[in-house]
Amino acid sequence: LQFGNDVGYLPDGTAMNKAGNDINHPGTLRPDSHKEGSPLPKAVFVNEVGYLPDGTALNLAGNAINHPETIGPDPHTPGAALLPPLKGFVNEIGYCP
């Protein structure tokens, strides 16, 4: 997939055939481009490495911090390599955004 919406849906679950102004013109709606039962691509999540983007460890995220007795071990092993960014770094092209 080149774009996340290539599967036929927007991230919020809206089918592409019902996105935007099309919904105001039901007579022009095309069929849903996603075939029922066909697999969706595997998602890649930033948090799969065990940390939120701000650096908070997943075991300390959310309400767990208010209940220290329920906090489990940090899921990331110290010194283990982190996954590279999904599509590289923004500045790899030689320009700042």
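The notes below deal with the structure included here. Within any chain, residue numbers begin from 1 and follow the written order of that chain's sequence. At least 70 in pLDDT is required for a residue's local features to be given in this predicted model, at least 80 for side-chain atom pairs to be given and counted, and no such filter applies to totals for whole chains, interfaces and linings, which use all residues. Calculated side-chain values reflect all of the structure's heavy atoms, with hydrogen atoms and water omitted.

Check the secondary structure of the protein chain and you find zero helices and zero strands. To sort residues, take the accessible area from a 1.4 Å probe on protein chains only and compare it with the maximum for the residue type: under 20% means buried, over 50% means exposed, and anything in between is partly exposed. Across the 97 residues of the protein chain, 10% fall into the buried class. Note on definitions: a residue-residue contact is assigned when non-hydrogen atoms from the two residues lie within 4.5 Å. A sequence separation of at least 24 residues applies to 21% of the contacts in the protein chain between residues at least 6 apart. To be clear on the numbers: accessible area is Shrake-Rupley with a 1.4 Å probe, and residue cover counts the displayed protein chains and nothing else. For the protein chain, the exposed surface amounts to about 7,900 Å²; the carbon and sulfur share of it is 61%. Only DSSP runs of H or I covering at least 4 residues are called helices, and only runs of E covering at least 2 are called strands; the numbering of each starts at the N terminus.

Judged by its relative accessible area of 11%, Ala15 is buried. Expressed as a C-alpha distance, the spacing of Ala15 and Ser33, which sit 18 residues apart in the sequence, is 8.0 Å. Residues in contact with Ala15, not counting those within four places in the same chain, are Gly8, Tyr9 and Asp32.

The subject of this paragraph is the environment of Asn17. The class of Asn17 is buried, set by a relative accessible area of 8%. If we skip the residues at most four places from it in the chain, Asn17 touches Asp22, Leu29, Arg30, Pro31 and Asp32.

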